[in-house]
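Observations on the three-dimensional arrangement
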Amino acid sequence: MFALCKSVRIHLRVLQEQQKQKLLYYWPKDDTLDRQLRNTGLCEAMINFTQSFSPRKLCEAVHTLKTRQVLLQAEPDIWMVMKVSLPFVEVVTGGDRVIEYHDELVQDSILQAALETSYQMFKLFNNTFKYVEEKNGHESMKDRIERFFTRYTMMMEVDKLDIFMLYKGIQFLPLDKNMFLKVHYLVNQLESTFRQIHRSVYLYGDQLVWSGLEHDDMKIFYNYLTTSLFPAHFTTSDIQQSGATQFQFATHAPVQSPQGGCFLLGQTSRHSLGLTGRSTTVYVKLDGKLTSCRLYVYHALNSTMCFFVSEDEDISDVSDPVDFCKRVDTFLGPLLSKSSRDIREFCAKAKPTGLEQQYRYIYFNQVNLAVKSSLFSKRSPNNIITPDIMNLIGEISAEYQSVEDNETIARTRSDCWVVCRKSGQRQFFVVISQKNANFTEINDEIRRLCSKEFTNIFFLD
């Protein structure tokens with residue numbers, strides 16, 4: 001169940017029509033109206049009941065024998081609720097069939113992160129619920145919510161949610177000073193040549209190289225690129241030594257312009273510039289204010305440049321979007337192609353560390369949202385990461401939210417060692433498959449790993 005409703009504290013009996021008016025969205029659609037109202041009414045009752053005991057800390061999760069519910073107050077008086085069924089197995093005990101539910105396999109923090117992400121994604125493309133209602137009216141807001149969340153819930157794979165949903169981090173491409181300055185210079189050239197462009201984002205493969213967006217905006221925008229836009233256009237091929245993914249167009253590649261690039265999102269002619277989709281409106285912060293912008297995405301070789309043009313009449317100057325895209329293509333095509341070739345050569349020269357063949361690890365820095373992982377590395381065919389290990393890492397990470405510095409070492413049933421460290425805002429998890437190792441040997445191994453591969457990162461020792 002996925003529901004979104006207005007919350008009003010109930011002291012008297014409310015008519016069914018009034019309850020229906022408060023229900024902004026409900027999924028699945030095949031549930032009867034009576035069932036929808038009962039489920040959302042129960043959620044509202046739980047919210048009001050728990051607020052009596054804890055007015056400041058609101059109810060976030062509800063556990064039952066067969067289900068798990070997470071709740072999010074997205075905006076004042078607007079709640080989002082997601083309910084999932086717990087995984088179960090059927091066992092035979094004393095000749096009777098008994099169903100055992102495994103609630104330990106479902107984590108509140110990850111479900112809450114998924115619910116929060118769905119709201120932030122709506123906000124990226126529509127602004128806040130309050131903004132939409134004040135600008136277009138209540139029924140228009142319901143229609144927009146219906147269109148967005150119907151598609152979003154169909155795409156959400158709850159059984160595949162893991163710690164990466166909790167982090168919502170960004171994979172950065174490590175470059176040396178000279179290469180980074182070249183990218184920075186290209187971005188400055190673009191923004192100075194086209195004054196309409198207010199923010200730019202540069203990616204090589206699925207890794208971020210440069211961003212002019214604020215952290216919160218970049219986090220959800222990166223999620224949109226890597227989970228929606230890029231998979232719709234590309235398939236991934238070999239991974240370079242640096243970890244950069246090589247993109248290939250999935251089915252029908254757009255016709256590239258003579259400049260060597262094409263718009264993935266842009267408002268121009270399909271035949272002239274290889275357009276695969278029209279530009280879309282997004283809401284990002286410009287100078288601290290949530291602003292409506294047109295999003296353009298231009299791709300050349302393995303590099304992607306995203307840029308934002310404000311729709312504010314006072315500062316926007318794109319009277320002819322077709323002509324604007326043509327001029328951008330003429331200017332950016334050759335430069336982005338050259339930049340992509342330079343980065344490819346740089347990545348090819350990077351020396352492999354062998355780290356991913358020896359260990360499975362994940363590193364996350366809350367300050368800059370940087371995440372680096374080899375948990376599901378394509379370089380090594382031996383996958384030791386089981387659902388139990390992912391669940392253990394998720395549980396420890398959730399516990400680390402309330403502590404400053406800590407270290408945990410655990411041994412799984414499959415004889416894998418899981419070492420977890422938190423130092424300040426940094427979390428580091430390593431999975432080592434050494435069945436005959438003891439605690440001291442694993443601890444020494446982690447010390448050698450950190451001193452060799454993470455010398456510039458301080459971890460509590």
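Use the structure listed above.
Here goes a summary of the coordinates provided. Just so we're clear, the structure is a prediction, and the values are computed from it rather than from any experiment.

1. Remarks on a negative patch on the surface
On the surface, a cluster of negative charge is contributed by D103, E104, D388, E395 and E399. Tracing the backbone through its elements, the reader meets E395 in helix α12 (residues 387-400).

2. Details of the environment of T150
Summarising the element assignment, T150 is placed in helix α5 (residues 138-155). Each C-alpha atom of the pair T150 and K29 lies 9.2 Å from the other, and the pair is 121 residues apart in sequence. Those residues in contact with T150 that lie beyond four places of it in its chain are Y25, K29 and I145. In terms of polar contacts, T150 uses its side chain to reach the backbone carbonyl oxygen of E146, at 2.6 Å.

3. What about the pattern of salt bridges?
Tallied over the full model, the rule gives 13 salt bridges. One salt bridge in this structure joins R38 and D34, with 2.4 Å as the shortest N-O distance. Residue R38 and its partner D34 are located together in helix α2 (residues 33-53), separated by four residues, close to a single helical turn. With a closest N to O distance of 3.4 Å, E157 and K160 form a salt bridge. For E157, a relative accessible area of 45% gives the class partly exposed. Of the residues examined, K160 reaches a relative accessible area of 55% and is grouped as exposed.

4. Section: the environment of Y167
Within the element layout of this structure, Y167 appears in helix α6 (residues 163-167). Residue Y167 is classed as buried on the basis of its relative accessible area, which comes to 5%. In this structure the C-alpha to C-alpha distance between Y167 and A113, which are 54 residues apart in sequence, comes to 8.3 Å. Not counting the four nearest positions on each side in its chain, Y167 is found in contact with I362, F364, S397, Q427 and F429. A polar contact is formed between the side chain of Y167 and the side chain of Q427, at a distance of 2.8 Å.

5. Points about the pairing of strand β16 (residues 360-365)
Burial of β16 is extensive: six of the six residues sit out of reach of the surface. Side chains R360, I362 and F364 of β16 all project onto a buried face; the interleaved residues Y361, Y363 and N365 project onto the opposite face, where all are buried too. Both β16 and strand β20 (residues 426-432) contribute to a ladder of six bridges, which runs antiparallel. Opposite F364, over in β20, you have Q427 as the bridge partner. As paired strands, β16 and strand β17 (residues 370-373) are joined by four bridges and run antiparallel to one another. Paired with I362 across the bridge in β17 is S373.

6. Description of the side chain of D217
Residue position: D217 is located in helix α8 (residues 215-233). Ignoring sequence-local partners within four residues, the contact set of D217 consists of V284 and K285.

7. Brief notes about the pairing of strand β14 (residues 289-300)
Counting buried positions over the 12 residues of β14 gives nine, a clear majority of the element. Note: strand β12 (residues 262-265) against β14, three bridges, orientation antiparallel. Pairing of F263 across the sheet is with Y298, part of β14. Judged from the seven bridges that link them, strand β13 (residues 280-286) and β14 form a sheet pairing that is antiparallel. Residue T281 lies in a different strand from β14, and its bridge partner there is R294. Joining the antiparallel neighbours β13 and β14 is a turn of two residues, in which D287 adopts a positive phi near 55°. Taken together, the eight bridges between β14 and strand β15 (residues 303-310) define a ladder with antiparallel strand orientation. Residue L295 lies in a different strand from β15, and its bridge partner there is F308.

Definitions and cut-offs
- Residues numbered from 1 in each chain as written.
- Predicted model: local features only at pLDDT ≥ 70, side-chain atom pairs only at ≥ 80, totals over all residues.
- Heavy atoms only, no water.
- Patch = residues over 30% accessible without salt bridge, like charges linked within 9 Å, V, L, I, M, F, W, Y side chains within 5 Å.
- Areas by Shrake-Rupley, 256 points an atom, 1.4 Å probe, with all protein chains shown as cover.
- Salt bridge = Lys/Arg side-chain N within 4 Å of Asp/Glu carboxyl O.
- Lys, Arg positive; Asp, Glu negative; His and termini not counted.
- Charge placed at Lys NZ, Arg CZ, Asp CG, Glu CD.
- Helix = DSSP H or I, 4+ residues; strand = E, 2+ residues; numbered from the N terminus.
- Contact = heavy atoms within 4.5 Å.
- Polar contact = N/O pair within 3.5 Å; in protein donor to acceptor, adjacent residues only side chain to side chain.
- Buried < 20%, exposed > 50% of the residue type's maximum accessible area, 1.4 Å probe, protein only.
- Pairing = 2+ DSSP bridges.

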